[in-house]
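# Observations on chain architecture
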Amino acid sequence: MSFIKKHAARLLLGVLLFAATAYLAIGFYIYSTLTHSDSGCGLDCANTPNNFTDNWAPSDFAFDQYQVNYWENHQYAGGDTGITLDAWWLPVTTAGAGNAPVVICLHGVRSNKYDQDMLTVAGMLHQQGFNVLLFDQRDHGDSSMEDGRVSLGTREYRDVIASVDWLINEQNIAAERIGLYGESMGASTAAIAFGMDKRIQSVVLDNGYLDLQVLIREELQYQGFPTWLAPGAIWAGTLFAGESLLDPAPSLAFINHYNRPMFAMHGTADTRVLPHHTADMATLGQQQGANLSTWFAEDAVHSGVKYLYPQEFSSRVSTFFANSLSGKRIPNQD
């Protein structure tokens, strides 16, 4: 009887170990799939600030209204050793940045500075008299490939801070003139950087997420995976890739806000990052006493607010930055 009990215990232990190993293996597959990044510019390589379009799907949007005729290409050190960031600097005049405010624009996952989303926002801001900095986050575009995976903001935020350093040290921009705009993963990266660096004066979060654990569960459901695999994906990232996907978190923006202005928007028809994420930001912001305003744009899809409501988007975003950043805007004369 004792032999049978020992054999059964060993068998049970073996089954549990196999189940745990299989769970983590599946989790690592999901983690690798969700965090895979793309270098280069894909179909968008022909895009530049003065000539760009949507190369992925037919579109009748008037991209030519937001072209910027003068820009500079720069490379500078990122937030970690060995990381070099590739950037487009769009000064508000060919003579330089003047005393105008600056907005750093942050792209989403598997995107880059060549993407029409970023170039459209940059053009809108430039028209309204702002200097704009677009850069490829690590493991994207023309910037350094670190490991071929995104960290969903937990490492990328350091490249945002490095970009602030570059503006201050190399372009002589006062910190009081610097704000952030982020879209999707770029919004969450912006939120983390905003919470970590008090030099950043204000931030716009466009269809971002607040809680990564919730986002991963929803992404798994969207992709057809069981949602109970979400913890395995997070654990596998930590165990096998040394990745801490949950820390620091976008919630830092609402905790370490120091009354700096924040503006969060979301399209009500967004199925990629559900609108409740921005509603959750509003709830947390209220709890923390944050200086937060929100806009829920009716019928707009993911990354689509700017296209469905271009004039209102441009007006709301430019007014927000004009009221929250120091410096004097220089209207675009092109």
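For the structure itself, look to the data block above.
It should be emphasised that the depicted structure is a prediction, and the values quoted were computed from it without experimental measurement. (Residues numbered from 1 in each chain as written. Predicted model: local features only at pLDDT ≥ 70, side-chain atom pairs only at ≥ 80, totals over all residues. Heavy atoms only, no water.)

### Considerations on helix H10 (residues 310-324)
Its 15 residues place the ends of H10 21 Å apart at the C-alpha level, agreeing with the 21 Å of an ideal helix rising 1.5 Å per residue. Listing the buried residues of H10 in full gives Pro310, Phe313, Ser314, Val317, Ser318, Phe320, Phe321 and Ser324. Buried positions in H10, seen along its axis, are confined to an arc of 155 degrees and lie on one side of it. Looking at H10, the residues exposed on the side facing more than 90 degrees away from the buried face are Gln311 and Asn323. (Helix = DSSP H or I, 4+ residues; strand = E, 2+ residues; numbered from the N terminus. Expected span 1.5 Å × (residues − 1). Buried < 20%, exposed > 50% of the residue type's maximum accessible area, 1.4 Å probe, protein only. Arc of directions from axis to C-beta.)

### Focus: the pattern of salt bridges
The tally for this structure, following the rule as stated, stands at 14 salt bridges. For the salt bridge of aspartate 165 with arginine 199, the shortest nitrogen-to-oxygen distance reads 2.8 Å. With a gap of 34 residues between them, aspartate 165 in helix H3 (residues 157-170) and arginine 199 in the loop between helix H4 (185-196) and strand S6 (202-206) connect regions that are remote in the sequence. The class of aspartate 165 is partly exposed, set by a relative accessible area of 29%. Arginine 199 gets classed as partly exposed once you look at its relative accessible area, which sits at 27%. (Salt bridge = Lys/Arg side-chain N within 4 Å of Asp/Glu carboxyl O.)

### So, the pairing of strand S2 (residues 84-90)
Along S2, six of the seven residues are buried, which leaves the element largely enclosed by surrounding structure. Direction of pairing for strand S1 (residues 72-77) relative to S2: antiparallel, over a ladder of six bridges. Across the sheet, residue histidine 74 finds its bridge partner in S2, namely alanine 87. Between the end of S1 and the start of S2, which pair antiparallel, lie six residues, with glycine 82 showing a positive phi angle near 90 degrees. (Pairing = 2+ DSSP bridges.)

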